[in-house]
Amino acid sequence: MFLLFIRTLLVYAAVIGGLRFTGKRQLGELSTSEFAVTILVSELASIPLQDTATPLLGGIVPLATLLAVEVLLSCLCRKSPGIRRILCGNPCIVIRDGKFDPNMLRLLRLSPEDVLEGLRMQGVSRMEDVLCGIVETNGQLSVILHADRQPLTPSDCLLHPDETGMALVLVSEGKILRRNMEQLGRDEQWILQQCRRRGISSLKDVYLMTLDDQNNLFLQRQEESV
């Protein structure tokens, strides 16, 4: 049992390390080749876990080889549009000026109901509002609305609101995230000072504290968390 426990931890570490090595796309929007690699990785990782007679390297070496090939193919796709087109395909326009393209839907084996579902998920309820609907290489539907149907922005109204910035977590459940603190140019003394201003004497009483680059601070006490 102990040997199986150790083998499981080693295989788990190898899979996590390999997926981290292939980049963030492997964890987000998957292309066809990346999806295939993900399935094969799960199969290869299960071999040394199911059969303890199989050498551990017998599962890790094929796993490392597969992930290395995926990284190599990703580099080739960046350098060669032709290889990228073969492995990932091309974006396909399924809606033009508010009307379906039946031939493209037939090629992609999609029904109008499938596309309408994708429109609803993006908050679009009327086909007439759509200038162009595109099925991307990862299978997601991108929608471009007619200019007079697009949401208003502050610049359309000649407004210039202040930037909100990007908030980073400084304190999470009583613990300081020092990397974020240094990125924002703050120190522990500053954090404690902000806590005392709000009647908090200890970081243990802080559930969450965030700060953005526009100095907008958010703080939630432990007892306020749900």
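One can find the structure itself at the top, above this paragraph.
Residues numbered from 1 in each chain as written. Predicted model: local features only at pLDDT ≥ 70, side-chain atom pairs only at ≥ 80, totals over all residues. Heavy atoms only, no water.

K.L.:
Outline the packing of aromatic side chains, supporting the account with residue identities and numerical values.
P.N.:
By the definition in use, this model includes zero aromatic pairs. R186 extends its terminal NZ or CZ atom over the ring of W190, reaching a point 4.4 Å from the ring centre. (Phe/Tyr/Trp six-rings, centres within 6.5 Å; stacked < 30°, edge-to-face > 60°. Lys NZ or Arg CZ within 6 Å of the ring centre and 35° of its normal.)

K.L.:
So, the sheet that holds strand β3 (residues 130-135): which residues are in play, and what are the values?
P.N.:
The strands making up a sheet are joined through hydrogen bonds of the backbone, oriented either antiparallel or parallel. If you trace the four strands from one edge of the open sheet to the other, you get β2-β1-β3-β4, paired in antiparallel fashion. Looking at strand neighbours, the two that pair on one side only are β2 (99-100) and β4 (141-145), the edges of this open sheet. One ladder, built from two bridges, connects strand β1 (residues 92-96) with β2; its direction is antiparallel. Bridge pairing in β2 links I95 to F100. Those strands touched by helix α6 (residues 112-121) are β1, β2, β3 and β4, and its axis lies near 70° from that of β4. (Pairing = 2+ DSSP bridges. Helix = DSSP H or I, 4+ residues; strand = E, 2+ residues; numbered from the N terminus. Contact = heavy atoms within 4.5 Å. Axes fitted to C-alpha atoms, helices over the stretch in contact; angles between N-to-C directions.)

K.L.:
Give a description of helix α3 (residues 56-79) that names residues and reports values.
P.N.:
With 24 residues, α3 extends 35 Å from end C-alpha to end C-alpha; this agrees with the ideal 34 Å at 1.5 Å per step. Regarding α3, the residues found buried are G59, L63, L66, L67, E70 and C77. (Expected span 1.5 Å × (residues − 1). Buried < 20%, exposed > 50% of the residue type's maximum accessible area, 1.4 Å probe, protein only.)

K.L.:
Could you give an account of the pairing of β4, with specific residues and numbers?
P.N.:
Of the two faces of β4, the one holding L141, V143 and L145 is buried and the one holding S142 and I144 is not buried anywhere. Counted between consecutive antiparallel strands, the loop separating β3 from β4 contains five residues, among which G139 sits at a positive phi close to 90°.

Everything listed here is a matter of geometry and, on its own, says nothing about what the molecule does.
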